[in-house]
Amino acid sequence: MGWLAVATIFAMPNNTLTVVIPVFNEIDLIERCLTAVLKQDEVDEVIVVDNNSSDGTPEMVAEYARRDGRLRQIHEVQQGVIPARNAGLNAATGELIARIDADSIVSVGWAARIKEFFTDHPEFDVLTGGAFTSDRKEFPTFRLLMKMLSRGEMPEFSETRGLQGSNMAFRRSAWENVRDDLHDDPDIWEDGDMSIGFIVKGHRMAWVNDLEVEISNRRLMTNWRSYCEYTAQLPRTLRVNGWNREARLIWINVAWRRLDYVLYRVLYHRKASTGRALP
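Residues numbered from 1 in each chain as written. Predicted model: local features only at pLDDT ≥ 70, side-chain atom pairs only at ≥ 80, totals over all residues. Heavy atoms only, no water.

Quick notes on the packing of aromatic side chains
Right, on to step 1. Per the counting criterion, the structure on display carries 10 aromatic pairs.
Right, on to step 2. Taken together, a centroid distance of 5.6 Å and an interplanar angle of 45 degrees make the contact between Phe170 and Phe198 tilted. One end of the pair, Phe170, is in strand S8 (residues 168–171); the other, Phe198, is in helix H8 (residues 190–200), with 28 residues separating them in the sequence.
Right, on to step 3. Residue class for Phe170 comes out buried when judged on its relative accessible area of 0%. (Phe/Tyr/Trp six-rings, centres within 6.5 Å; stacked < 30°, edge-to-face > 60°. Helix = DSSP H or I, 4+ residues; strand = E, 2+ residues; numbered from the N terminus. Buried < 20%, exposed > 50% of the residue type's maximum accessible area, 1.4 Å probe, protein only.)

Written out as structure tokens, the structure is:
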């Protein structure tokens, strides 16, 4: 790293925001993702981590980087979302780091909200928010439950113990505190593993209700076997961290997710066959 880069880093104010996006063969999605992120002036740096893409994704990202100097692309040859994620987070120069997925389309004001929240709430080191597919944005059970509990008035935020991998942000100091304790098992939920890492190290996490991203429905459109294998990774994540009691209890959550998958597929196919919008 040259002296100019070092000087630039040290000159950055303490609320600078880096957005990290791991990618692997995301040619169909990355353009919408980058367009939404780069529209936001409050984003100071974007790092796209290419993880051996072969479909033209790196070339498209490079074109965006030529248009906007805030964007840079790095490459991680070790395959997997965890190595790609780590490479991006370690390369970030901002004091605040957001991590999203290639199919995340951040909402208007998303970056400003992250900076505002961390400024107003120094007691929190990590935040997250909702990630909804466009065809079921008003459907999530979480919203309905929160409205019932709050009698129709949603709180600004609530403390949480779980992060959305497609929509999270944290102070760089928090990442540096947990990164060496995280697992590299490809068959776990890496965002769940990060959540546990933050909890163990005493970092408070907030769910911010107006911090939202839109995501694709690709996870819900996988076949039943793949979805079952995916959801089984949640209790496995808890077990590798020694949270065996929680791993047994979380099967209730797994069952609910699988029911949700079935309901979504039924509703999705009804929409596809009738043209009617989902609830």
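Focus: the nonpolar core
In a soluble, globular protein the nonpolar side chains are often hidden away together inside.
Right, on to step 1. In terms of nonpolar packing, the biggest core is built from 36 residues, with Val19, Ile21, Leu34, Val46, Trp110 and Ile114 touching the most fellow members.
Right, on to step 2. For this core, the element with the most residues is helix H2 (residues 30–38), which contributes six residues.
Right, on to step 3. If near-sequence neighbours (up to four positions away) are discounted, Leu34 is found in contact with Ile21, Val46, Val48, Val61, Tyr64 and Leu71.
Right, on to step 4. Core analysis: the second largest hydrophobic core is formed by 19 residues, Val49, Met168, Phe170 and Leu182 among them. (Core = buried A, V, L, I, M, F, W, Y, C linked by side-chain atoms within 4.5 Å. Contact = heavy atoms within 4.5 Å.)

Let's talk about the pattern of salt bridges
Right, on to step 1. The final tally for this structure, using the stated rule, is 20 salt bridges.
Right, on to step 2. Glu159 serves as the salt-bridge partner of Arg204, at 2.9 Å between the closest nitrogen and oxygen. Residue Arg204 is found in the loop between H8 and strand S9 (205–215), and its partner Glu159 is found in strand S7 (residues 157–160); the two are separated by 45 residues along the sequence.
Right, on to step 3. Exposure remark for Glu159: the relative accessible area of 48% places this residue in the partly exposed category.
Right, on to step 4. Among the salt bridges present, the one from Glu229 reaches Arg225, with a minimum N-O distance of 3.4 Å. Of this pair, Glu229 and Arg225 both sit in helix H9 (residues 224–240), separated by four residues, roughly a single helical turn.
Right, on to step 5. On the basis of relative accessibility, which here comes to 64%, the residue Arg225 falls in the exposed class.
Right, on to step 6. One connected set of salt bridges, linked through shared partners, spans Arg85, Arg99, Asp101 and Glu190. (Salt bridge = Lys/Arg side-chain N within 4 Å of Asp/Glu carboxyl O.)

Comments concerning helix H3 (residues 57–67)
Given 3.6 residues to a turn, an α-helix orients residues that are three or four positions apart in the same direction.
Right, on to step 1. By the burial criterion, the buried members of H3 are Thr57, Pro58, Val61 and Tyr64. Viewed end-on, H3 has its buried residues packed into an arc of 120 degrees, placing them on one side of the element. With respect to the buried face of H3, the exposed residues turned more than 90 degrees away are Glu59, Arg66 and Arg67.
Right, on to step 2. Turning to H3, the residues buried within the fold contact strand S1 (17–23), H2, strand S2 (45–50) and strand S3 (71–75). (Arc of directions from axis to C-beta.)

What about the pairing of S8?
Right, on to step 1. Burial along S8 is two-sided: the residues Met168 and Phe170 and Ala169 and Arg171 are all buried.
Right, on to step 2. As defined by bridge partners, strand S4 (residues 96–99) adjoins S8 across four bridges and the pair is classed as antiparallel. If you follow Ile97 over to S8, its bridge partner there is Phe170.
Right, on to step 3. Taken together, the three bridges between strand S6 (residues 126–133) and S8 define a ladder with antiparallel strand orientation. Pairing of Leu127 across the sheet is with Ala169, part of S8. (Pairing = 2+ DSSP bridges.)

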